[in-house]
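So you can see what is in the structure, the chains are spelled out below.
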Amino acid sequence: MFSTANLCPEGALPSPITLSSYRRSASEKRKKFLRRLVKFRQMDFEFALWQFLYLFVSPQKVYRNFQYRYSTKNQYARDDPAFLVLLSICLTISSIIFSLVLRLSVGEFVKFLLWTVFIDTIGCGMLIATALWFLANRYMEAHYHRRSGQFELEWAYAFDIHLNAFVPVVTILHGVILLLLSVVTHYNIGSILLGNSLWFLAYGYYVYITFLGYSSLPAFARNADSPAVLLLYPLLPVFLFFCVSLMFGWNYTNWLLSFYTARISS
């Protein structure tokens, strides 16, 4: 279970310890992770809930814990699947509520859930994580490996960054908007402003948490010259699109509902 030993006191990192010269291969880490996936008693769900909360209020603390894991276990990626299991449970619950709102049959609900978990969350996440993992390693190969020759970004950590960034997206789009569905589906300026602002907030969280994940790496110092800053650039066109949506009365929430309905019907 969760203990304060998992955290850094007052947000500070503990003193670095000497790492073991042994570094597990990716296949060994994957096998260990998959073995723990079916051992619920070994999962620290309380700590996973702590991470869920701090991804909203102070995501930097979550990444300090990743750094602490690297200093003690020689890996950035999570070795406890509790976070992934908890996110899957949240997706399942939100999919059930969406199915009730859209009045889906049992078969349509199963199809909707499979799309949400395996395409929207895992599939798209793997594509984003792979692209950023490749670009990050290419950068470090050119600027960092020449000095140390040791560090290489784990793909699993890149996917963890996606999962971290996806938590606010799920909470806002599949949680808050669902609670406000009777308000944000109208085409008056107040409803559109509220609904589209929540969409922009969800996207902003995703971009910012992704930025924090890469800028916390030793090869990406947080300064104007860091390539991690490029991850913040998509916020500008999205903000402009948000402003245009208010001018023309585009309702993102109704688009989402129409998209979900069309996808299930196809």
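Before going further, it helps to spend a moment on the environment of Ile177. Tracing the backbone through its elements, the reader meets Ile177 in helix 6 (residues 155-179). In this structure, Ile177 is in contact with Ile172, Val184, Gly195, Leu198, Trp199 and Thr253, ignoring residues within four places of it in sequence.

This part takes up the side chain of Asp79. Summarising the element assignment, Asp79 is placed in the loop between helix 3 (59-73) and helix 4 (82-102). On the basis of relative accessible area, Asp79 is assigned to the buried category, the value being 9%. Here Lys73 takes part through its side chain, which lies 2.8 Å from a polar atom of the side chain of Asp79.

With that out of the way, let us pick up empty space enclosed by the protein. Under the counting rule described, the total for this entry stands at 1 cavity of 30 Å³ or more. Lining the largest cavity are Leu84, Leu87, Ser88, Leu91, Val117, Thr121, Ile122 and Leu163. Sorting the residues of the lining of the largest cavity by element identifies helix 4 and helix 5 (106-143) as the ones contributing at least two each. The element that contributes the greatest number of residues to the lining of the largest cavity is helix 4, accounting for 4 residues. Per-class residue counts for the lining of the largest cavity are 6 nonpolar, 2 polar and no charged.

Turning next to the confidence of the model for the chain. Overall, the prediction assigns the chain a mean pLDDT of 84, with 79% of residues at 70 or greater. For residues 1-5, every residue scores under 50 in pLDDT, and the model assigns this stretch 9 contacts once sequence neighbours within four places are set aside. Within the model, pLDDT remains below 50 along residues 9-22, and this stretch shows 16 contacts once partners closer than five positions in the same chain are excluded.

Our focus in this paragraph is helix 3. Its 15 residues place the ends of helix 3 21 Å apart at the C-alpha level, agreeing with the 21 Å of an ideal helix rising 1.5 Å per residue. Taken together, the buried positions of helix 3 are occupied by Pro59, Val62, Tyr63, Asn65, Phe66, Arg69, Tyr70 and Ser71. Contacts made by the buried residues of helix 3 are with helix 2 (45-57), helix 6 and helix 8 (189-215). Just past helix 3, the residue Asn74 takes up positive phi, approximately 65°.

Turning next to the pattern of salt bridges. Following the criterion strictly, the structure yields 3 salt bridges and no others. For Asp79, the salt bridge identified is with Lys73, shortest N-O distance 2.8 Å. Taking the relative accessible area as the measure of exposure, Lys73 reaches 43% and is therefore partly exposed.

What follows concerns the packing of helix 8 against helix 10 (residues 252-265). Where helix 8 meets helix 10, the closest approach of the two axes is 8 Å, and the angle between their N-to-C directions is 75°. Here helix 8 is positioned roughly perpendicular relative to helix 10, judged by the angle of their axes. Contact residues: Gly195, Asn196 and Trp199 in helix 8; Tyr252, Thr253 and Leu256 in helix 10. Among the residues making up the contact of helix 8 with helix 10, the classes are represented as 3 nonpolar, 3 polar and no charged.

Looking now at the side chain of Thr116. Here Thr116 lies in helix 5. You can call Thr116 buried: its relative accessible area is 2%. Here the side chain of Thr116 touches Phe112 through a polar contact of 2.9 Å, landing on its backbone oxygen. With sequence-adjacent residues up to four places away left out, Thr116 is seen in contact with Leu91, Ser95, Thr121, His174 and Arg263.

Right, let's get into unusual backbone geometry. Its identity as a non-glycine residue notwithstanding, Asn74 has a phi of 65°, on the positive side. Tracing the backbone through its elements, the reader meets Asn74 in the loop between helix 3 and helix 4. The backbone of Arg103 shows a phi angle near 60°, a positive value even though the residue is not glycine.

Cut-offs and rules
- Residues numbered from 1 in each chain as written.
- Predicted model: local features only at pLDDT ≥ 70, side-chain atom pairs only at ≥ 80, totals over all residues.
- Heavy atoms only, no water.
- Helix = DSSP H or I, 4+ residues; strand = E, 2+ residues; numbered from the N terminus.
- Contact = heavy atoms within 4.5 Å.
- Buried < 20%, exposed > 50% of the residue type's maximum accessible area, 1.4 Å probe, protein only.
- Polar contact = N/O pair within 3.5 Å; in protein donor to acceptor, adjacent residues only side chain to side chain.
- 1 Å grid on protein atoms, 1.4 Å probe; cavity = no way out; pocket = protein on both sides within 12 Å on 5 of 7 lines; lining within 4 Å.
- Points joined across faces, edges and corners; volume = space filled by probe spheres on them.
- Nonpolar A, V, L, I, M, F, W, Y, C, P; charged D, E, K, R; others polar.
- pLDDT = per-residue confidence, 0-100.
- Expected span 1.5 Å × (residues − 1).
- Salt bridge = Lys/Arg side-chain N within 4 Å of Asp/Glu carboxyl O.
- Axes fitted to C-alpha atoms, helices over the stretch in contact; angles between N-to-C directions.
- Parallel < 35°, antiparallel > 145°, perpendicular 65-115°, else oblique.

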